[in-house]
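Structure assessment
What follows is each chain in one-letter form.
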Amino acid sequence: MKLVKILNDKVQIRSDYKEFEDVRINDLILVFDEDVKLVTMVTALKDTDMENKEEIEENDYILERSSTKMVECSIIGTVKDGVFKKAIDRYPTMRVKAHKVTQLEFAGMLSKYTTGFLLGEYTTYDFPAYVDGNKFFQRHACIVGNTGAGKSETVAKILEQISLLSGANVIVFDIHGEYRNLSYARNIKIGTDVDFPVWLFGFKDMIANILKIKEETSTVTMTALRKCYYKLCPGGKEDRAVYFDYVEFVKLMKFLDEEMVATGEYYKSGDRKGEERVTKGDYNGKLTNVVNILLDKASDSNYNFLFSRNDQSYLYTLLKEILDNDMPVKNIDLSEIPHDVAISIIGTITKLVYEIQRNSKDCAEHPVTLICDEAHVYIPNNMQLSASQRRMVATFENIAKEGRKFGVTLFVASQRPSELNKTIMAQCANFIVGKMNNENDKSMIKGMMPDGSESVINETAMFSPGDVLVIGDAAPIPLKVHVELAKERPDSRTINYWDKWSEGGYIDVVNAAINYING
């Protein structure tokens, strides 16, 4: 064996077949001299016998001899006092030895990393893979991977480990209802079991997100809406969850739309002699469309949960359900409500949790983590957002930048990391990476990951479902882990099309259409 080249992140070794005859891609090689031990991972194997003579002569670091191969490795850390460390202070000289890391050596290197939560097993060495719970949750984290890569199973395994902690406090935004049946979670099913009255959004976001009125363009409409709001709620704040009666609100809007104003003059003759003359009010006829929107939304059965007549005390009851740590996990089940409202509810709850933690004197004693499923949908990397969308994204960005001070961190999940907000991604200290094929997504992760080795991310394209890389300061070593299935698994909403088509069956199109028309 001869060390041919050593760089700050790579090592090239020339070897004969007998010395490394059983080495495979992703195996660990220990490269060491008397003072320094580098841990490297095999990324490429090259048989020099297959090269023609001209090519060999061009590579001045390859010895012209038969039965040799080149082993290329990425440096992933070092061994100090028998324990693996990712930090590298010194490099070895050219006079080194190298051998494949044995099962016993690997166990010794990770002997001090057996606390935190158990995620699964390192596939190459059949050794338990632990993640430091403090480092993982005290800074933001991200899990990414293709559809079917095992993200939900991985989250379920982590939630199961969290549930063993008596004071844990995790809030899951569950768009698809995958975690609703977990025994250790309080399932807060919005729409079916739990109402979310419109005033909880705050006036501004109610108008923009629920009524779909663009505040930037509808000056007359917004003036009228504010006039009615402040008449019902004199001390209200437009960005706060302050109660007002929606039914009375609609009545006031209808009144303005139909209002006739006395002129102070009177008819002097005819049938109306003596009657005061009236003229159309400032908003007469200008609010008809908005009033119809207000009435239609309230009469649509899909949105009944938005128009319950709960007063201000309901806010405190709901927040207690969401933030109390009597249950380690609170699952916000949004699977039965319209998608556009579900996104707005996520933004509102996130804002409420963050503001309450900010205003709590002992927030550091009761930290909270928000698990954001399908995060790219509502925390996008998109500059063309409406005012209300920008407000929601700004809330998540504030948490990403300052949330740790107030005991709030994010754990975002996405199948499209390239579409995720860059500020959020930049603040993540730990990444769980499943199978990824899209080059844009892989490039995004390569640019953001703390241990920026391209070869480590490239190999994820060959992963099986349940295989992940855990990269960041919470993981002892960036090697492939096969996630152990949780005892309570998520409910997959995947439809087996071929099987369903094989079964046949009748679609009641007419009844479904009637339900749609009737709302």
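Residues numbered from 1 in each chain as written. Predicted model: local features only at pLDDT ≥ 70, side-chain atom pairs only at ≥ 80, totals over all residues. Heavy atoms only, no water.

Re the overall build of the chain
As a reminder of what qualifies: Per the convention used, a helix needs a DSSP run of H or I reaching at least four residues, while a strand needs a run of E reaching at least two, with both numbered from the N terminus. When accessible area is computed with a 1.4 Å probe and restricted to protein chains, residues below 20% of their type maximum are described as buried, those above 50% as exposed, and intermediate ones as partly exposed. We call two residues in contact when some of their heavy atoms are within 4.5 Å.
From N to C terminus, the chain includes 17 helices and 20 strands. Summarising its shape, the C-alpha atoms of the chain cover approximately 120 × 50 × 50 Å along the three principal directions. Residues counted as buried form 49% of the 519 residues belonging to the chain. Pairs at least 24 apart in sequence give 69% of the contacts found in the chain among residues at least 6 apart.

Overview of unusual backbone geometry
Even without a glycine there, the phi angle at K212 is positive, about 60°. Relative to the assigned elements, K212 resides in the loop between α5 (203-210) and α6 (219-232). Phi is positive for E374, close to 50°, though the residue is something other than glycine. Mapped onto the fold, E374 is located in the loop between β16 (368-372) and α11 (375-378).

Regarding the sheet that holds strand β18 (residues 428-433)
What counts here: For two strands to pair, DSSP has to find at least two bridges joining them. In this analysis an axis means a line fitted to C-alpha atoms, helices contributing only their contacting stretch, and an angle means the value between N-to-C directions, from 0 to 180 degrees.
In space, the eleven strands of this open sheet follow the order β9-β8-β20-β19-β18-β10-β17-β16-β11-β15-β12, with mixed pairing throughout. The open sheet terminates on both sides in strands that have one partner only, identified here as β9 (127-131) and β12 (185-189). The average angle at which neighbouring strand axes cross in this sheet is 30°, direction not considered. In this sheet, β16 lies alongside strand β11 (residues 170-174) in parallel orientation, the contact comprising four bridges. The residue of β16 that forms the bridge with V170 is T369.

Description of the side chain of N430
We apply this condition: Polar contact is the term for a pair of N or O atoms within 3.5 Å; when the atoms are in protein, one must be able to donate a hydrogen and the other to accept it, and sequence-neighboring residues count only if both atoms are side-chain atoms.
Inspection of the secondary structure assignment puts N430 in strand β18. On the accessibility criterion, N430 (0% relative accessible area) is buried. Within the local environment of N430, its side chain forms a polar contact with the backbone nitrogen of A474, the two atoms lying 2.8 Å apart. Other than its neighbours up to four places away in sequence, N430 contacts K135, F136, H140, A141, C142, I471, G472, D473, A474 and A475.

Some remarks on helix α10 (residues 339-358)
What counts is decided by this rule: Take the number of residues in a helix, subtract one, and multiply by 1.5 Å to get its expected span.
Here α10 is 20 residues long and its end C-alpha atoms lie 29 Å apart, about the 28 Å a rise of 1.5 Å per residue gives. Of all 20 residues making up α10, 14 are buried, and the element is well covered by its neighbours.

So, the packing of aromatic side chains
Note the cut-off: Note on aromatic pairs: the rings of Phe, Tyr and Trp (six-membered ring only in Trp) are paired at centre separations within 6.5 Å, and the planes decide the class, stacked below 30 degrees, edge-to-face beyond 60, tilted for the rest. Note on geometry: a ring has a charge over it if NZ (lysine) or CZ (arginine) is within 6 Å of the ring centre and within 35 degrees of the ring normal.
Under the criterion given, the structure shown has 18 aromatic pairs. A centroid spacing of 6.1 Å and a plane angle of 75° characterise the contact between Y354 and F406, whose relative ring orientation is edge-to-face. Here the residue Y354 occupies a position in helix α10, and F406 occupies one in the loop between α12 (387-402) and β17 (408-414), the gap between them amounting to 52 residues. For Y354, a relative accessible area of 2% puts it in the buried group. Clustering of aromatic rings is evident, with ring pairs tying together F203, Y229, Y230, F244, Y246, F249 and F307. Lying over the aromatic face of Y303, K297 brings its terminal NZ or CZ to 4.4 Å of the ring centre.

Topic: the layout of surface pockets
Using the following cut-off: Residues are said to line a cavity or pocket when one of their atoms sits within 4 Å of a point; the points come from a 1 Å grid over protein atoms alone, cavities being sets where a 1.4 Å probe fits but cannot get out and pockets being open sets with protein on both sides within 12 Å along at least five of seven lines. Grid points are joined across faces, edges and corners, and a volume is the space filled by probe spheres set on the points. Each residue receives one of three labels: charged for Asp, Glu, Lys and Arg, nonpolar for Ala, Val, Leu, Ile, Met, Phe, Trp, Tyr, Cys and Pro, and polar for the others, Gly being one of them.
Considering only enclosed or pocket space, the largest pocket measures out at about 690 Å³ in volume. Along its surface, the largest pocket is lined by 28 residues, and G148, G150, K151, S152 and E178 are the ones closest to its centre. Tallying contributions element by element places helix α4 (residues 151-162) first for the lining of the largest pocket, with five residues. Looking at the second largest pocket, its volume works out to about 530 Å³. Taken together, 21 residues line the second largest pocket, and the ones lying closest to its centre are G133, N134, F137, L165 and P367. Contributing elements (two or more residues each) for the lining of the second largest pocket: α3 (133-138), α4, β16 and β17. If you tally residues by element for the lining of the second largest pocket, the top one is α3, at four residues. Per-class residue counts for the lining of the second largest pocket are ten nonpolar, ten polar and one charged.

Topic: the pairing of strand β5 (residues 68-80)
A large share of β5 lies buried, amounting to eleven of its 13 residues. As paired elements, strand β2 (residues 10-16) and β5 share seven bridges and run antiparallel to each other. Of the residues in β5, the one forming a bridge with R14 is M70. Across nine bridges, strand β4 (residues 37-47) lies against β5 in antiparallel orientation. Counted as the bridge partner of D47 is K69 from β5. Note: β5 against strand β6 (residues 83-85), three bridges, orientation antiparallel. Across the sheet, residue T78 finds its bridge partner in β6, namely K85.

A short note on the side chain of N146
Here N146 is to be found in the loop between β10 (140-144) and α4. Here N146 falls in the buried class, since its relative accessible area comes to 17%. Polar side-chain contacts of N146 include one of 2.6 Å to the side chain of N437. What N146 contacts, discounting residues up to four positions off in sequence, is K151, Q415, K435, M436 and N437.

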